[in-house]
Amino acid sequence: MKIFKKVNYLGLKCPLPVLKARRELENMNHAQVIEILADDPASELDFKHFCETSKNELLKIKEQNSEKTFFIKKLSK
């Protein structure tokens, strides 16, 4: 998987990680992948819901301690 952009949202609380990710995805091209690092306890649910409603694809979630890494592929135009 080729990562287009990596962002670090550690320390940010809901809804900031999703709002910032949405802004990043708006500036990306179709099929590019963003890697997002977050530690908000609600981030997994938030990013799953975001991808379902925005028509983007949540490719994978990696978890290490309290940090999660989300890989999202832009599918929307």
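To be clear, the structure that these remarks concern was listed above.
Criteria and cut-off values
- Residues numbered from 1 in each chain as written.
- Predicted model: local features only at pLDDT ≥ 70, side-chain atom pairs only at ≥ 80, totals over all residues.
- Heavy atoms only, no water.
- Helix = DSSP H or I, 4+ residues; strand = E, 2+ residues; numbered from the N terminus.
- Rg over C-alpha atoms; globule rule 2.2 N^0.38 Å.
- Areas by Shrake-Rupley, 256 points an atom, 1.4 Å probe, with all protein chains shown as cover.
- Lys, Arg positive; Asp, Glu negative; His and termini not counted.
- Charge placed at Lys NZ, Arg CZ, Asp CG, Glu CD.
- Contact = heavy atoms within 4.5 Å.
- Core = buried A, V, L, I, M, F, W, Y, C linked by side-chain atoms within 4.5 Å.
- Buried < 20%, exposed > 50% of the residue type's maximum accessible area, 1.4 Å probe, protein only.

K.L.:
Explain the overall build of the protein chain residue by residue, including any values.
P.N.:
Scanning the protein chain for helices and strands turns up 2 helices and 4 strands. Put simply, the protein chain runs from its N terminus to its C terminus through helices and strands in the order β-α-β-α-β-β. Relative to the 2.2 N^0.38 estimate, which gives 11 Å for 77 residues, the radius of gyration of the protein chain is 11 Å and therefore close to what a compact globule would have. Projected onto its principal axes, the C-alpha positions of the protein chain cover 30 × 25 × 15 Å. Element-wise, carbon and sulfur atoms account for 49% of the exposed surface of the protein chain, whose accessible area totals about 5,000 Å². Between the averaged position of the 15 positive side-chain charges in the protein chain and that of its 11 negative side-chain charges there is a distance of 7 Å.

K.L.:
Give me the lowdown on the side chain of Thr 69, citing residues and values where you can.
P.N.:
The topology assignment puts Thr 69 in strand β4 (residues 67–73). Apart from the residues within four sequence positions on either side, Thr 69 is in contact with Glu 35, Ile 36, Leu 37, Lys 60, Ile 61 and Lys 62.

K.L.:
Any chance you could break down the nonpolar core for me, citing the residues and the numbers?
P.N.:
Of all hydrophobic cores here, the largest spans 14 residues; its most connected members are Leu 25, Ile 34, Ile 36, Phe 47 and Ile 72. For this core, the secondary-structure elements that each account for two or more residues are β1 (5–9), α1 (16–26), β2 (33–38), α2 (43–54) and β4.

K.L.:
Break down the environment of Glu 26 for me, with residues and values.
P.N.:
With respect to the helices, strands and loops of the structure, Glu 26 is situated in helix α1. A relative accessible area of 57% places Glu 26 in the exposed class. A sequence separation of 24 residues divides Glu 26 from Lys 2, and the C-alpha atoms of the two residues are 18 Å apart.

K.L.:
Kindly report on unusual backbone geometry, identifying the contributing residues and their values.
P.N.:
With omega at 10°, the peptide bond leading from Cys 14 into Pro 15 counts as cis. When you line up the elements, Pro 15 lands in the loop between β1 and α1. Despite not being glycine, Ala 31 shows a phi value in the positive range, around 80°. By secondary structure assignment, the location of Ala 31 is in the loop between α1 and β2. A relative accessible area of 39% means that Ala 31 is categorised as partly exposed. One non-glycine residue with positive phi stands out, namely Lys 55, at about 65°.

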